[in-house]
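# Structure at a glance
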Amino acid sequence: MDKTEIEQVQRYMRNLFNNPQINVAARAKPKGSAEVFLGEEAIGTLDKDEEDGELSYHFRMPVLDKDAPSYLRTKFGNPKFKVVAFAKSKDTAEVYLGEDSIGTLTKDEEKGKVTQNFRMAIFETDLE
């Protein structure tokens, strides 16, 4: 990702989450990826995806607490997060910020250990 892309995604994320502490920094490898920080803390990764002539970015953040809505509210300092379970899925839920759906929360279980990840797609049109 080049400097302009990083600045655009960073500005979008700061505005969306209403948090000026979000910083996006390119990683040397793999090319097309970046680290997302909240202040000094690395909170997730961002990957660039160019498929069929369309550009998007995929943010992935581990959720380190069973109470995902509370964790997201506290982490971002934004009380408008809510998580709504899908009716037919026990391992995926929709993440809202206010009334807007912004991503998904997925649960994975491996060897008895449950992990959760917040995932969000950022499209080129979001950055305009």
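Figured I'd write up the structure that's included with this text. Since we're looking at a predicted model, the values are computed, not measured.

## A closer look at the sheet that holds strand 8 (residues 113–123)
Pairing is antiparallel in the open sheet, where eight strands are placed in the order 1-2-3-4-8-7-6-5. Both edges of this open sheet fall to strand 1 (22–26) and strand 5 (81–85), since each of them pairs with a single strand only. On average, each strand axis in the sheet is tilted by 30° relative to the strand beside it, whichever way the strands run. Where strand 7 (residues 100–110) and strand 8 come together, seven bridges link them in antiparallel fashion. Following the sheet pairing, Thr104 is matched in strand 8 by Arg119. Contacting strand 1, strand 2 (33–38), strand 3 (41–51), strand 4 (54–63), strand 5, strand 6 (92–97), strand 7 and strand 8, helix 1 (residues 3–17) crosses the sheet at an angle of about 160° to strand 1. In the packing of helix 2 (residues 68–76) onto the sheet, contacts are made with strand 1, strand 2, strand 3, strand 4, strand 5, strand 6, strand 7 and strand 8, and the angle to strand 4 comes to roughly 105°.

## Section: the layout of surface pockets
Within this model, the largest pocket holds a volume of roughly 210 Å³. For the largest pocket, the full set of lining residues is Pro62, Val63, Leu64, Asp65, Lys66, Lys107, Val114, Thr115, Gln116 and Asn117. When contributions to the lining of the largest pocket are tallied by element, the ones reaching two or more residues are strand 4 and strand 8. Considering each element in turn, the lining of the largest pocket owes the most residues, four residues, to strand 8. Looking at the lining of the largest pocket residue by residue, the classes come out as four nonpolar, three polar and three charged.

## Re the pattern of salt bridges
Taken as a whole and assessed by the stated rule, the structure comprises four salt bridges. A salt bridge links Lys48 to Glu5; the nearest nitrogen and oxygen atoms lie 2.8 Å apart. Here Lys48 is found in strand 3, whereas its partner Glu5 is found in helix 1, with 43 residues between them in sequence. For Glu5, a relative accessible area of 9% puts it in the buried group. Of the charged contacts in the structure, one is a salt bridge between Lys48 and Glu50, with a shortest N-O distance of 3.9 Å. The structure contains a network of salt bridges with shared partners spanning Glu5, Lys48 and Glu50.

## Details of unusual backbone geometry
Despite not being glycine, Asn18 shows a phi value in the positive range, around 55°. The residue Asn18 is located in the loop between helix 1 and strand 1 in this model. The phi torsion at Asp52 lies on the positive side, around 55°, for a residue other than glycine. Since its relative accessible area comes to 74%, Asp52 is described here as exposed.

The rules we used
- Residues numbered from 1 in each chain as written.
- Predicted model: local features only at pLDDT ≥ 70, side-chain atom pairs only at ≥ 80, totals over all residues.
- Heavy atoms only, no water.
- Pairing = 2+ DSSP bridges.
- Helix = DSSP H or I, 4+ residues; strand = E, 2+ residues; numbered from the N terminus.
- Axes fitted to C-alpha atoms, helices over the stretch in contact; angles between N-to-C directions.
- Contact = heavy atoms within 4.5 Å.
- 1 Å grid on protein atoms, 1.4 Å probe; cavity = no way out; pocket = protein on both sides within 12 Å on 5 of 7 lines; lining within 4 Å.
- Points joined across faces, edges and corners; volume = space filled by probe spheres on them.
- Nonpolar A, V, L, I, M, F, W, Y, C, P; charged D, E, K, R; others polar.
- Salt bridge = Lys/Arg side-chain N within 4 Å of Asp/Glu carboxyl O.
- Buried < 20%, exposed > 50% of the residue type's maximum accessible area, 1.4 Å probe, protein only.

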